[in-house]
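Examination of the molecular architecture
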Amino acid sequence: MRIGQLARRSGVSVRALRYYEEQRLLESARTPGGQRDYPDEALERVQLIQDLFAAGLSSRTVVELLPCVSTGVATPAMLDQLITERDRIAARIRDLNRARTKLGRVIENVTAASVVQD
């Protein structure tokens, strides 16, 4: 799959895909004409990279953890890092849920006050 096709299918810019390669997050083969050629699995990998970035992981951390995804094997240090990141994400989810609940209460109060004023 060519870079433009991967960009369209993943919703990620061509520039971002080049950056992923620069950071060793993504690999491509080259055609005889020098164009990038990605395997079909690249789409799933790009989606994983995007999810990890959205969860707050840095590109450096993602580079360190991606071998676990490819091989299914982790060193004890990698496993510790995976657990740490998972726990950090879980804590962030709890924080976001708490904020959502508080906003919900504000909306209820504002809505109730608007009904009283009408």
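Residues numbered from 1 in each chain as written. Predicted model: local features only at pLDDT ≥ 70, side-chain atom pairs only at ≥ 80, totals over all residues. Heavy atoms only, no water.

The protein has the name MerR family transcriptional regulator in an unreviewed UniProt entry, where Streptomyces atroolivaceus is given as its organism.

**With respect to the environment of Leu82**
Along the polypeptide, Leu82 turns up in helix α5 (residues 76-117). On a C-alpha basis, the gap between Leu82 and Thr61 in space is 9.6 Å, while along the polypeptide they are 21 residues apart. Discounting chain neighbours no more than four positions away, the residues touching Leu82 are Leu65, Cys68 and Ala74. (Helix = DSSP H or I, 4+ residues; strand = E, 2+ residues; numbered from the N terminus. Contact = heavy atoms within 4.5 Å.)

**Describing the UniProt feature "domain: HTH merR-type" (unreviewed entry) in the protein**
Those places that UniProt annotates as "domain: HTH merR-type" (unreviewed entry) correspond, in this numbering, to residues 1-68. Segment residues 1-68 splits into 59% helix and 6% strand. End C-alpha atoms: 24 Å apart. (UniProt positions renumbered as here; feature names shortened; annotations may be inferred.)

**Remarks on the environment of Glu85**
For Glu85, the position within the fold is in helix α5. The exposure class of Glu85 is buried, given its relative accessible area of 15%. Once the C-alpha coordinates of Glu85 and Leu57 are considered, the two residues, 28 residues apart in sequence, prove to be 7.8 Å apart. Engagement of the side chain of Glu85 in a polar contact is seen with the side chain of Arg88, the distance being 3.0 Å. (Buried < 20%, exposed > 50% of the residue type's maximum accessible area, 1.4 Å probe, protein only. Polar contact = N/O pair within 3.5 Å; in protein donor to acceptor, adjacent residues only side chain to side chain.)

**What about a nonpolar patch on the surface?**
On the surface, Leu79, Leu82 and Ile83 cluster together into a nonpolar patch covering about 220 Å² of accessible area. Accessibility expressed as a relative area gives 32% for Leu82, which makes it partly exposed. (Patch = residues over 30% accessible without salt bridge, like charges linked within 9 Å, V, L, I, M, F, W, Y side chains within 5 Å. Areas by Shrake-Rupley, 256 points an atom, 1.4 Å probe, with all protein chains shown as cover. Salt bridge = Lys/Arg side-chain N within 4 Å of Asp/Glu carboxyl O.)

**What about the domain arrangement of the protein?**
Domain assignment breaks the protein into domain 1 (1-73) and domain 2 (74-118). The gap between the C-alpha centroids of domain 1 and domain 2 is 29 Å. Counting residues at the interface gives 10 residues for domain 1, matched by eight residues for domain 2. Summing both sides of the interface, domain 1 and domain 2 together bury roughly 700 Å²; the carbon and sulfur share of this comes to 66%. In this structure, the connection of domain 1 to domain 2 is made through zero salt bridges. The residue inventory of the side of domain 1 that touches domain 2, partitioned by class, reads six nonpolar, three polar and one charged. (Domains from an automatic or database assignment. Buried area = accessible area lost by both parts, 1.4 Å probe. Nonpolar A, V, L, I, M, F, W, Y, C, P; charged D, E, K, R; others polar.)

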